[in-house]
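Descriptive structure summary
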Amino acid sequence: MLSRSLLVAGLMTLAAGPLAHAEDYAGGAVKEMKSEKGEILTDAKSMTLYTFDKDSGGVSACYDDCARKWPPFLASSDAKPDGELTLIERKDGTRQWAHEGEPLYLWMNDKKPGDMTGDGVGGVWHVAKD
């Protein structure tokens, strides 16, 4: 019976996939998860977060069509900075999460937790890593 329980527990761990063992930050808004690309940052739903090389000085350069494809990872009105996770203000007054000053984004083509299809797009989008 014990070996069957261990087998079931092992299968459940494998089923959880590469994003098991998450650590929460910023009140659970951001998670650090293990993946094939190392420790990556995700949102609360385990969707991969990205950074954009054209952003600088804690200011987002992604608006209009860019923001439709790469939705800014927006913070709630009561969100508070947490260590390396800070908040930047966008032109429309909304607040966006940033990691070490780099604004964070989602990617419209990632369909399920663990997808990282945006990494390397255009040579300027990268999986956010801690």
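Conventions used here
- Residues take numbers from 1 onward in each chain, read along the sequence in its written order.
- Local features in this predicted model are restricted to residues whose pLDDT is 70 or higher, and side-chain atom pairs enter the listing and the counts only when it is 80 or higher, whereas totals over whole chains, interfaces and linings include all residues.
- Hydrogens and water molecules were not included; the side-chain quantities draw on all heavy atoms of the structure.
- Think of it this way: any DSSP run of H or I at least four residues long counts as a helix, any run of E at least two long counts as a strand, and we number them from the N terminus.
- Buried means the residue's accessible area, taken with a 1.4 Å probe over protein chains only, is under 20% of the maximum for its type, while exposed means over 50%, and partly exposed covers the values in between.
- Here, residues are in contact when the closest pair of their heavy atoms is within 4.5 Å.
- For every accessible area listed, the method is Shrake-Rupley and the probe measures 1.4 Å; residues are considered covered only by the protein chains on display.
- For this document, the term salt bridge refers to a Lys or Arg side-chain nitrogen within 4 Å of an Asp or Glu carboxyl oxygen.
- Working definition: a ring pair exists when centres of Phe, Tyr or Trp rings (six-membered ring for Trp) sit within 6.5 Å. Plane angles under 30 degrees give stacked, over 60 give edge-to-face, the rest tilted.
- Criterion for a charge above a ring: Lys NZ or Arg CZ within 6 Å of the ring centre, and within 35 degrees of the ring normal.
- A pair of strands is considered paired only if DSSP assigns at least 2 bridges between the two.
- Cysteine sulfur atoms are paired as a disulfide whenever they come within 2.5 Å of each other.

What follows concerns the overall build of the protein chain. Each helix and strand in the protein chain was counted, giving 2 helices and 8 strands. Its helices and strands taken in sequence order, the protein chain reads α-β-β-β-β-α-β-β-β-β from the N to the C terminus. Looking at the protein chain as a whole, 38% of its 130 residues qualify as buried. Counted over contacts in the protein chain with a minimum sequence separation of 6, partners at least 24 positions apart contribute 52%. Carbon together with sulfur atoms contributes 56% to the accessible area of the protein chain, which is approximately 7,500 Å² in total.

Bringing the pattern of salt bridges into the picture now. Applying the stated rule across the entire model yields 4 salt bridges. The salt bridge partner of Asp65 is Arg68, with a shortest N-O separation of 3.9 Å. Placement of the pair is Asp65 and Arg68 together in helix α2 (residues 65-69), with a separation of 3 residues, close to one helical turn. A relative accessible area of 39% places Asp65 in the partly exposed class. Taken together, the salt bridges that share partners define one network made up of Asp65, Arg68 and Lys69.

Under the counting rule described, the total for this entry stands at 6 aromatic pairs. Note on Tyr50 and Trp70: the rings are 5.4 Å apart at their centroids and 80° apart in plane angle, and the pair reads as edge-to-face. Highlighted residues: Tyr50 in strand β4 (residues 50-52) and Trp70 in the loop between α2 and β5 (85-89), separated in sequence by 20 residues. Take Tyr50: its relative accessible area is 0%, and that puts it in the buried class. Residue Trp70 is classed as buried on the basis of its relative accessible area of 4%. Through successive ring pairs, a cluster of aromatic residues spans Tyr50, Phe52, Trp70, Tyr105, Trp107 and Trp125. Its guanidinium or amino end placed over the ring of Tyr63, Arg90 lies 4.2 Å from that ring's centre, counting from NZ or CZ. Note that Lys91 overlies the ring of Tyr63, its terminal NZ or CZ placed 4.5 Å from the centroid.

The subject of this paragraph is the sheet that holds strand β7 (residues 102-103). The strand order β5-β6-β7 describes an open sheet built from 3 strands, whose pairing is antiparallel. The two strands at the open ends of the sheet, each matched to only one other strand, are β5 and β7. Looking at chain direction, β5 and strand β6 (residues 95-99) are connected through 5 bridges and run antiparallel. Considered in β6, the bridge of Leu85 is made with His99.

The final tally for this structure, using the stated rule, is 1 disulfide. With its sulfur 2.0 Å from that of its partner, Cys62 forms a disulfide with Cys66. Between Cys62 and Cys66, the S-S torsion sits near -110°, and that sign places the bridge as left-handed.

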